[in-house]
Amino acid sequence: MIFYHGSDVIVKNPDILHSYHHLDFGVGFYVTSVKEQAERWAKRKAILNGKKKGFVSSYEYDENPSFKIKDFADDLDSWIDFVCECRGGSEIYKNYDVIKGKVADDKVFRVVDMYKRGIWNKKRTIQEIKVYEVYNQIAFISEEALKSMLVFKDFYEV
């Protein structure tokens, strides 16, 4: 399987050291199986950092079941709580080597925020999220899993 990472640099040797904190699945190296999503992130990152171009790096993914992998798939109920905890500073993500699930992009995050602040209950929040096009993300939390399962293949400019 091929995964993509959008950035303002080519990432041949990914690591978790350059990750932001308080992301959907905590500190890690994030990829997606959706090429267009990675392209959007590359362009956005380039603009944010004042660069003229972005890059999409591609990787071959070979899952290794010896690592602890959390896959939310379509479990929005658990996903919402997990994302809220991670974005709130919790380190529950450290219980896993790899976490897979949906992305709380700007639109989705507004809905999640309504839930987090207690304005909407979980049922209403899930109904609202289902209205939006939702992309996927895979976060490599441990360096060991990252080095074991992801191999750089190529890159292209966007």
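What you see is a predicted model; the values in this text were computed from it and never measured.

How each quantity is defined
- Residues numbered from 1 in each chain as written.
- Predicted model: local features only at pLDDT ≥ 70, side-chain atom pairs only at ≥ 80, totals over all residues.
- Heavy atoms only, no water.
- Buried < 20%, exposed > 50% of the residue type's maximum accessible area, 1.4 Å probe, protein only.
- Helix = DSSP H or I, 4+ residues; strand = E, 2+ residues; numbered from the N terminus.
- Pairing = 2+ DSSP bridges.

Some points on the pairing of strand 3 (residues 55–61)
Phase 1: Among the seven residues that make up strand 3, six are buried, leaving the element largely enclosed by the rest of the structure.
Phase 2: Relative to strand 3, strand 1 (residues 2–7) runs antiparallel, the two being bridged by six bridges. Within the sheet, the bridge partner assigned to Ile2 lies in strand 3 and is Glu60.
Phase 3: Across seven bridges, the pairing between strand 3 and strand 7 (residues 150–157) is antiparallel. Across the sheet, Tyr59 pairs through a bridge with Phe152, a residue of strand 7.

What about unusual backbone geometry?
Phase 1: Residues other than glycine seldom take positive phi values, yet His22 does so here, at roughly 60°.
Phase 2: Position of His22 among the secondary structure elements: in the loop between strand 1 and strand 2 (29–31).
Phase 3: Assessed through its relative accessible area of 45%, His22 is described here as partly exposed.
Phase 4: We note that Ala73 has phi near 45°; this positive angle belongs to a residue other than glycine.

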